[in-house]
Amino acid sequence: MTSSYQFDHNAFAADLQSNYAALSDGEESGVRVRVAGRLMLLRRQGKLAFATMRDSSGEVQLFALSQVTEEFEAFSKLHLGDWVGVEGEVVRTKRGELSVKVATWVRLAEALHNFGDKWAGIADFDLRYRHREADLWANDLSRRSLLRRSQVVRSVRERCWSQGFVEVETPILNPIPTGAAARPFKTHHNALDAEFFLRIAPELWLKRLVVGGFERVFEIGRLFRNEGVSPRHNPEFTSLELYAAYWNYEDMMTFTEELVAGVALDVLGTTEIEYQGRQLSLSTPWARRSMTELASEGVGEEVSVHTPRAHLVKLLAERDVEAHASWGPGRCLEELFGATMESTLWDAVFVTGHPVEISPLARRDPNDELLTQRFESYAAGRELSNGFTELIDPVEQRARFEDQARLAAAGDDEAMIIDEDYLRALEWGLPPTAGLGVGLDRLAMLIADESNIREVIAFPTLKPLRD
RNA sequence: GCGCCGGUAGCUCAAUUGGCAGAGCAUUUGACUCUUAAUCAACAGGUUCCGGGUUCAAGUCCCGGCCGGCGCACCA
């Protein structure tokens, strides 16, 4: 059989399995179908041959007989991994396996390499990540995790749409990297002879759309940060960022917990999930605890952003954290929380009330001028989302950017740069607005029960091979 | 970036103290009319990641490099 350019396929393996579940052993349905997929196993027995064929829905056995099957010899010599299109009757073999009894068939493509050990699959991480196409055939779990990631993104998108959010796209090539604290990737546009940075966050663009009258917007897209690679960090990752005019951070927390719990419900059917062998609750409402309270609990005494810096520095030193000269009390408080309590936050929880010092785009808390109306959600000891009531005052925003510029001058190479276009946008009037960012890879990890971010990214960033 | 661990046939893995590089699956050939990782028989398959070094002898020990896993750091 030579290969074909096309195949008229009219049935999926999984549908056959369910539609003919009642077919008894040795019974023939009288129905002819055309299926296509890849050969995963092939067992020849003299003038019979049995093959396991997999398509995107599942698996079904192909049953070939020399008396029935065209080109039987060639069929029985197909290779594992070959793509075939088959026409034949749906039957159940005497031994009870639902099968398509092959009348005619065509090889659609030939596999020149195998897909790993048929028991063990492919275990080598390097091979799995560099050749995901082979990994997907060899390992059920890889297929499942990437499928779940897709379901997570779909669910997030549909839930945002259903709440009246408009999906938008903002520039990836940015003249200045802003909206977050991170090192950027740099590139160059030849015709414009201009330096550009790949975005580290879409935040400022999205708020400019709110200024423009899009009261509810969101963007799902790739962000790029020139930081270390780890089981929880890929240089390019996917975020959901979303803004709602007239909301404050409490409204946004409610939205966030319902979104995440809803995604779990959509994909897994429950908000009480199992993660890495341990029960984890995403059920609403999530606990809300202030960073001040958590840091105090962590160090065993009352601390706050009003505690003298020298004392906070001492408490950090006791935990082997060396305070940088540019850190004020706010940053020290956050570091104390990070060093003591962050990794213990297992069930979904909101941490609220971040210091102004570390929140240059968030609106101050009217009850404490050194804190903001900000939250981060945590699950499995990791940050899952970040949101706040947006700072809308252009004068204060300029002062906050200038504070960041001073940090940069003091050696903090991740401090934010002044964005004049954004300040001008604020001068046209941003209504009271709350914003949210969610790391979708992190969310996908949680839902797919994966501990390595690479398992939920089809083609993770790897070091190019060289000698 | 730092530390620990790893890289052996196409795939999954062995190889004792430094002593002839092996198995299963896949591939190739043959047998087999209800198999289920089919089974049975046979053939073939190697730059032991790369480059040096020590040694009578290196997959194994030492040095350098490449790639990966985990931890730390940075961050989401």
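Before reading further, recall that the structure is shown in the block above.
1. Observations regarding the sheet that holds strand β7 (residues 173-174)
Hydrogen bonds between backbone groups are what pair the strands of a sheet, and the pairing can be parallel or antiparallel. If you trace the three strands from one edge of the open sheet to the other, you get β7-β9-β8, paired in antiparallel fashion. The sheet is open, and its two edges are formed by β7 and β8 (186-189), each paired on a single side. Relative to strand β9 (residues 194-198), β8 runs antiparallel, the two being bridged by four bridges. Paired with H188 across the strands is E195, a residue of β9.

2. Looking at the environment of P460
By the secondary structure assignment, P460 is in the segment after α13 (440-448). Accessibility expressed as a relative area gives 7% for P460, which makes it buried. Between the C-alpha atom of P460 and that of P235, which follows or precedes it by 225 residues, the distance is 8.7 Å. With residues near it in sequence (within four places) discarded, P460 still touches Y129, R132, N234 and R454.

3. Things to note about empty space enclosed by the protein
In total, this model carries one cavity of 30 Å³ or more according to the counting rule given. Empty space within the largest cavity amounts to approximately 50 Å³. As for the largest cavity, its lining consists of A379, A380, R382, E383, L384, R442 and L446. Listing elements by their share of the lining of the largest cavity, those giving two or more residues are β19 (382-389) and α13.

4. Things to note about the packing of aromatic side chains
Within the structure shown, the criterion is met by 13 aromatic pairs. Pairing F125 with Y129 gives two aromatic rings, centres 5.9 Å apart and planes at 40°, and the pair type is tilted. One end of the pair is F125 and the other is Y129, both in helix α3 (residues 125-130) and four residues apart, which spans about a single turn. A relative accessible area of 5% places Y129 in the buried class. Each residue in the set W83, F115 and W137 is aromatic and connected to the rest through ring pairs, giving one cluster.

5. Details of the packing of helix α9 (residues 309-317) against helix α10 (residues 329-340)
Running from N to C, α9 and α10 point in directions that differ by 25°, and their axes come no closer than 9 Å. Regarding the angle of α9 to α10, the classification is roughly parallel. With respect to the hand of their crossing, α9 and α10 are arranged in left-handed fashion. Along its contact with α9, which presents R309, L312, V313, L315 and L316, the element α10 presents P329, C332, E335 and L336. Partitioning the contact of α9 with α10 into residue classes produces seven nonpolar, no polar and two charged.

6. Describing the protein's contact with RNA strand B
Near RNA strand B you find 54 residues, and of these T93, R95, W119, H233 and R454 are the closest. Restricting attention to atoms of RNA strand B within 4 Å of the protein, one finds that 60% of them are sugar or phosphate atoms. One of the side-chain nitrogen or oxygen atoms of W119 is found 2.5 Å away from a base nitrogen of RNA strand B. The biggest single contributor to the surface near RNA strand B is α3, with five residues. Its residues assigned to classes, the surface near RNA strand B shows 18 nonpolar, 14 polar and 22 charged.

7. Thoughts on the pairing of strand β10 (residues 216-224)
Burial of β10 is extensive: seven of the nine residues sit out of reach of the surface. Note: strand β6 (residues 166-167) against β10, two bridges, orientation parallel. Its bridge partner lying in β10, V166 is registered against V217. Relative to strand β11 (residues 236-245), β10 runs antiparallel, the two sharing nine bridges.

8. Thoughts on the pairing of strand β18 (residues 374-379)
Regular strands place their side chains on alternate faces of the sheet. Here β18 lies mainly inside the structure; six of its six residues are buried. Side chains R374, E376 and Y378 project from β18 onto one buried face, and the interleaved F375, S377 and A379 project onto a second face that is buried too. In this sheet, β18 lies alongside strand β15 (residues 349-352) in antiparallel orientation, the contact comprising four bridges. Within the sheet, the bridge partner assigned to V351 lies in β18 and is E376. Across six bridges, the pairing between β18 and β19 is antiparallel. Considered in β19, the bridge of F375 is made with G387. Taken together, β18 and the strand that follows it, β19, pair antiparallel across an intervening segment of two residues, in which A380 is found at a positive phi of about 55°.

Quick notes on the rules
Residues numbered from 1 in each chain as written. Chains lettered and ligands numbered in written order. Predicted model: local features only at pLDDT ≥ 70, side-chain atom pairs only at ≥ 80, totals over all residues. Heavy atoms only, no water. Pairing = 2+ DSSP bridges. Helix = DSSP H or I, 4+ residues; strand = E, 2+ residues; numbered from the N terminus. Buried < 20%, exposed > 50% of the residue type's maximum accessible area, 1.4 Å probe, protein only. Contact = heavy atoms within 4.5 Å. 1 Å grid on protein atoms, 1.4 Å probe; cavity = no way out; pocket = protein on both sides within 12 Å on 5 of 7 lines; lining within 4 Å. Points joined across faces, edges and corners; volume = space filled by probe spheres on them. Phe/Tyr/Trp six-rings, centres within 6.5 Å; stacked < 30°, edge-to-face > 60°. Axes fitted to C-alpha atoms, helices over the stretch in contact; angles between N-to-C directions. Parallel < 35°, antiparallel > 145°, perpendicular 65-115°, else oblique. Left-handed = near helix turned anticlockwise from the far one by under 90°. Nonpolar A, V, L, I, M, F, W, Y, C, P; charged D, E, K, R; others polar. Near = heavy atom within 4 Å. Polar contact = N/O pair within 3.5 Å; in protein donor to acceptor, adjacent residues only side chain to side chain.

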